[in-house]
Amino acid sequence: MSIAVLPGSFDPVTLGHVDIATRARTLFDRVIIGVAHNSTKTPLLDAHARVELARDATEHLAGVSVELVDGLLVDFCSSLGATAIVKGLRGGSDYDYERPMALMNRSLTGVETVFITGDNALSHVASSLVRDVARHGGDISPYVPPGVVAAVRRALAGT
Ligand code: PNS
């Protein structure tokens, strides 16, 4: 059975992430979404909320599950028997950002990273932009799965 991990901060999960998970499932028998800690970011949503929202967003996808990554991504992959990391690319700057991580992860344990081109209609959708739109009172519902709008609103209100 082929197993891949789709890692990220998912702060919050977007329709772009769901698109990549859907495409990744056409290549791998199981896709495990790994909600991980990015040491360069302070998340808006706590880890539990990010996991739950990603679960709700992908529960319709057979063979896709969501887990919290505690520690190194490569160790998480090894513990699950995952032979690939999957990442979505929206454009060249995504590749520039992802390339060092792909090389580091391969250097650590040999795990390969597979890049998938997402839906062009979602190429402007990024968690950082979604947070910014929400912070300034904009409507994020076209970019995120149901449930995320209220969760982001609550987190921004500090409730
Ligand atoms: O969505 P992001 O923030 O771009 O995802 C980055 C993430 C969380 C995948 C990366 O920071 C990560 O892998 N964190 C887990 C700890 C780890 O393995 N760090 C070394 C990465 S080369």
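The preceding data block contains the structure.
So, a few notes on the structure that sits alongside this text. What you see is a predicted model, and the numbers here were worked out from it, not measured in a lab. Numbering of residues starts from 1 in each chain and follows the order in which that chain's sequence is written. Local features in this predicted model are restricted to residues of pLDDT 70 or higher, and side-chain atom pairs are both shown and tallied only at a pLDDT of 80 or more, whereas totals for entire chains, interfaces and linings draw on every residue. As a convention, hydrogens and water are excluded, and side-chain values are obtained from all of the structure's heavy atoms.

**What about the overall build of the chain?**
Counted only if it meets this: Strands are runs of DSSP state E lasting at least 2 residues, helices are runs of H or I lasting at least 4, and numbering of each runs from the N terminus. Each radius of gyration reported is based on C-alpha atoms, and the globular scaling rule is 2.2 Å times the count of residues to the power 0.38. Throughout, exposure labels follow a simple rule: accessible area from a 1.4 Å probe, protein chains only, divided by the maximum for the residue type, with under 20% read as buried, over 50% as exposed, and the rest as partly exposed. The criterion used for residue contact is that any of the two residues' heavy atoms lie within 4.5 Å.
In terms of regular secondary structure, the chain is built from 6 helices and 5 strands. The linear arrangement of helices and strands in the chain, starting from the amino end, is β-α-β-α-β-α-β-α-β-α-α. A compact globule built from 159 residues would reach a C-alpha radius of gyration of about 15 Å, and the chain, at 15 Å, matches this within 12%. Judged by the C-alpha coordinates and their principal axes, the chain covers about 45 × 30 × 30 Å. Residues classed as buried in the chain amount to 42% of the 159 residues present. Of the contacts made within the chain by residues no fewer than 6 positions apart, 77% connect residues no fewer than 24 positions apart.

**Side note on the site of the ligand**
This is how it is decided: Proximity criterion: a residue is near a molecule or strand once any of its heavy atoms comes within 4 Å of it. Two N or O atoms count as a polar contact when they lie within 3.5 Å, although within protein this holds only if one can serve as hydrogen donor and the other as acceptor, and sequence-adjacent residues are included solely when both atoms are side-chain atoms. Accessible areas in this description were obtained via Shrake-Rupley with a 1.4 Å probe; residue shielding takes into account the shown protein chains only.
Near the ligand lie 14 residues; those nearest to it are S9, N38, K41, L73 and Y97. Residue N38 places a side-chain N or O atom 2.8 Å away from an oxygen atom belonging to the ligand. One of the side-chain nitrogen or oxygen atoms of K41 is found 2.7 Å away from an oxygen atom of the ligand. In the complex, the protein chains occlude 82% of the 540 Å² of accessible area that the ligand would expose alone. Those elements that provide at least two residues to the shell around the ligand are β1 (3–8) and α4 (92–109). Here the shell around the ligand gets 4 residues from one element, more than from any other, and that element is α4.

**What about the pattern of salt bridges?**
Between side chains of opposite charge, pairing is possible as soon as their charged atoms come close. Rules: Note on definitions: salt bridges are taken to be side-chain nitrogens of Lys or Arg within 4 Å of carboxyl oxygens of Asp or Glu.
Applying the stated criterion to the full structure yields 6 salt bridges. Salt-bridge contacts for K87 lead to E98; the nearest nitrogen and oxygen are separated by 2.6 Å. Taken together, the positions of K87 in strand β4 (residues 84–89) and E98 in helix α4 put the pair 11 residues apart, joining distant regions of the chain. Among the salt bridges present, the one from R90 reaches D94, with a minimum N-O distance of 2.9 Å. Residue R90 is classed as partly exposed on the basis of its relative accessible area of 43%.

**Overview of the nonpolar core**
To keep things clear, this is the line we draw: We call a set of buried Ala, Val, Leu, Ile, Met, Phe, Trp, Tyr and Cys residues a nonpolar core when their side-chain atoms join them within 4.5 Å.
Counting 30 residues, the largest nonpolar core has L6, V13, I33 and V86 as its most contacted members. When residues of this core are traced back to their parent elements, those giving at least two are β1, α1 (15–25), β2 (30–35), α2 (47–58), β3 (64–68), β4, α5 (127–135) and α6 (148–157). Leave out the neighbours within four places in its chain, and V13 touches L53, A54, A57, V144, P145 and V148. Listed in part, the 12 residues of the second largest apolar core include I3, V74, F76 and C77.

**Some thoughts on α5**
Here is the rule we go by: Here the arc refers to the set of directions running from the helix axis out to each C-beta atom.
Those residues of α5 that sit buried are S127, V130, R131 and A134. End-on view of α5: buried residues confined to an arc of 100°, all on one side of the axis. Buried residues along α5 sit in contact with α1 and α6. Phi turns positive, to about 85°, at G137, one or two residues after α5.

Just geometry here; none of it tells us what the structure is for.
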